[in-house]
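# Residue-level structure breakdown
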Amino acid sequence: MSKEQRNPVVDAYGVIGHIKTRIKKIYGTQRNFAKHLGCSESHLSDAMNARCAYPKGFWAGLKIRRRTYFELEPVE
């Protein structure tokens, strides 16, 4: 399974760059963000590279709200 298939939304829309910018602005370093989340730096790195799930509190720590959208196809 390719990286795009594991985490299609993040990869398809180029969100990783925005995430890295937010980490730098809010926490200074990825190491500080990992400490804030209570996870290892390697786990955070693996999550950001779509090798595992994001740690608990990841999105809230970056002040990013998750939204789900549904697209309805026309019914004839």
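Residues numbered from 1 in each chain as written. Predicted model: local features only at pLDDT ≥ 70, side-chain atom pairs only at ≥ 80, totals over all residues. Heavy atoms only, no water.

What follows covers the packing of aromatic side chains. Scanning the entire structure with this criterion turns up five aromatic pairs. For the ring pair phenylalanine 33 and phenylalanine 58, a centre distance of 5.6 Å and an interplane angle of 55 degrees mean the geometry is tilted. Residue phenylalanine 33 is located in helix H4 (residues 30-37), and its partner phenylalanine 58 is located in helix H6 (residues 58-61); the two are separated by 25 residues in the primary sequence. Both residues of the pair, phenylalanine 33 and phenylalanine 58, belong to the buried class. Ring centres of tyrosine 54 and tryptophan 59 lie 5.0 Å apart, and the angle between their planes is 65 degrees; on these two criteria the pair is classed as edge-to-face. Of the aromatic side chains, those joined through ring pairs into one cluster are Tyr27, Phe33, Tyr54, Phe58 and Trp59. (Phe/Tyr/Trp six-rings, centres within 6.5 Å; stacked < 30°, edge-to-face > 60°. Helix = DSSP H or I, 4+ residues; strand = E, 2+ residues; numbered from the N terminus. Buried < 20%, exposed > 50% of the residue type's maximum accessible area, 1.4 Å probe, protein only.)

Let us now look at the confidence of the model for the chain. Any segment with low pLDDT has predicted coordinates that should not be analysed in fine detail. Per-chain confidence: the chain averages 84 in pLDDT, with 83% of residues scoring 70 or above. Confidence drops under a pLDDT of 50 for residues 1-5, and excluding neighbours within four residues, the segment shows five contacts in the predicted structure. (pLDDT = per-residue confidence, 0-100. Contact = heavy atoms within 4.5 Å.)

This paragraph deals with the pattern of salt bridges. If you walk through the whole model with that rule in mind, you get two salt bridges. The salt bridge involving arginine 31 is made with glutamate 41; its shortest N-O contact spans 2.9 Å. Linking arginine 31 in helix H4 with glutamate 41 in helix H5 (residues 41-48), this pair joins segments that are ten residues apart in sequence. Judged by relative accessible area, glutamate 41 falls into the partly exposed class, the value being 41%. With a shortest N-O distance of 3.0 Å, arginine 51 and aspartate 46 are connected by a salt bridge. (Salt bridge = Lys/Arg side-chain N within 4 Å of Asp/Glu carboxyl O.)

If you walk through the whole model with that rule in mind, you get zero disulfides. There is no disulfide at cysteine 39, and the cysteine sulfur nearest it, in cysteine 52, is 8.6 Å away. Taking the relative accessible area as the measure of exposure, cysteine 52 reaches 30% and is therefore partly exposed. (Disulfide = S-S within 2.5 Å.)

Another point: H4. Listing the buried residues of H4 in full gives Phe33, Ala34 and Leu37. Summarising the axial view, the buried residues of H4 lie within an arc of 100 degrees, below the 170-degree limit, and thus occupy one face. Those residues of H4 that are buried lie in contact with helix H3 (15-27), H5 and H6. Two residues or fewer past H4, glycine 38 is found with a positive phi of approximately 80 degrees. (Arc of directions from axis to C-beta.)

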